Amino acid sequence: MGSILIIGSYGILAYEMINKLSKENWRIFTLTSDKKSIKPEHVFEQYIFEYDSDSTNEVIASSHPEVILFLGAYDPLYQWDDETVRGESLNYVAGLSNLLMNASIHGVRHFIYVSSHRVFEEEYAVDINEDMPASPKTYKGMAISQGENLAMHFNKTSQMEVTIVRIAHMY
């Protein structure tokens, strides 16, 4: 296969993706901001930088991935506690913006943004479908929704194909 850069801390989703992609012979690179993380066995190269740092430009340039998978809403490193939620939401959007810009500049073909059901925090009398507008009420919901909007903007304005994967109620 090709090469993929998985961006996010090593939670259950990251480990399962690494195992699956390894079986399909992908060359796997990871970028995390967790300084205590230990590189999983099937990861070719691990980078440890903040997502909004200038170093992400060099990471994308050196790994030259065909696909970037941003774990976003399911990155366990983001702490959405009541006292830190505002600052965390700003870090989230700033990091994603930096990653999308660098991916576009380096000609990454596909960017996958992992979102969640948190973009729908209103009560709905009908089933929610993919065409319904987001209705976040919390900082976390707004940050994830802004991430979707930002990713779709890059889908429209760059040569990069962007996919949003909205996962509901993953535990």
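Given the structure is predicted, the values throughout are model-derived calculations rather than measurements.

### With respect to the packing of aromatic side chains
No. 1: According to the stated counting rule, one finds eight aromatic pairs in the structure shown.
No. 2: Aromatic side chains Y51 and F70 sit 6.2 Å apart centroid to centroid with 80° between the ring planes, which places their arrangement in the edge-to-face category. Placement of Y51 in the loop between β3 (45–48) and α2 (55–63) and of F70 in strand β4 (residues 67–70) is noted, with a sequence separation of 19 residues between them. You'll find Y51 and F70 in the same group, each marked buried.
No. 3: An aromatic cluster is built from Y51, F70, Y78, Y92, F111 and Y113, whose rings are joined through pairwise contacts.
No. 4: The cationic tip of R27 hangs over the ring face of F44; the distance from NZ or CZ to the ring centre is 3.8 Å.

### Quick notes on the sheet that holds strand β5 (residues 110–116)
No. 1: On the basis of which strands lie adjacent, the open sheet formed by six strands has the order β3-β2-β1-β4-β5-β6 and parallel pairing. The open sheet has two edge strands with one neighbour each: β3 and β6 (161–167). Pairwise comparison of adjacent strand axes, ignoring direction, gives a mean angle of 20° for this sheet.
No. 2: Here strand β2 (residues 27–32) pairs with β3 via four bridges, running parallel.

Reading the values: the criteria
- Residues numbered from 1 in each chain as written.
- Predicted model: local features only at pLDDT ≥ 70, side-chain atom pairs only at ≥ 80, totals over all residues.
- Heavy atoms only, no water.
- Phe/Tyr/Trp six-rings, centres within 6.5 Å; stacked < 30°, edge-to-face > 60°.
- Helix = DSSP H or I, 4+ residues; strand = E, 2+ residues; numbered from the N terminus.
- Buried < 20%, exposed > 50% of the residue type's maximum accessible area, 1.4 Å probe, protein only.
- Lys NZ or Arg CZ within 6 Å of the ring centre and 35° of its normal.
- Pairing = 2+ DSSP bridges.
- Axes fitted to C-alpha atoms, helices over the stretch in contact; angles between N-to-C directions.

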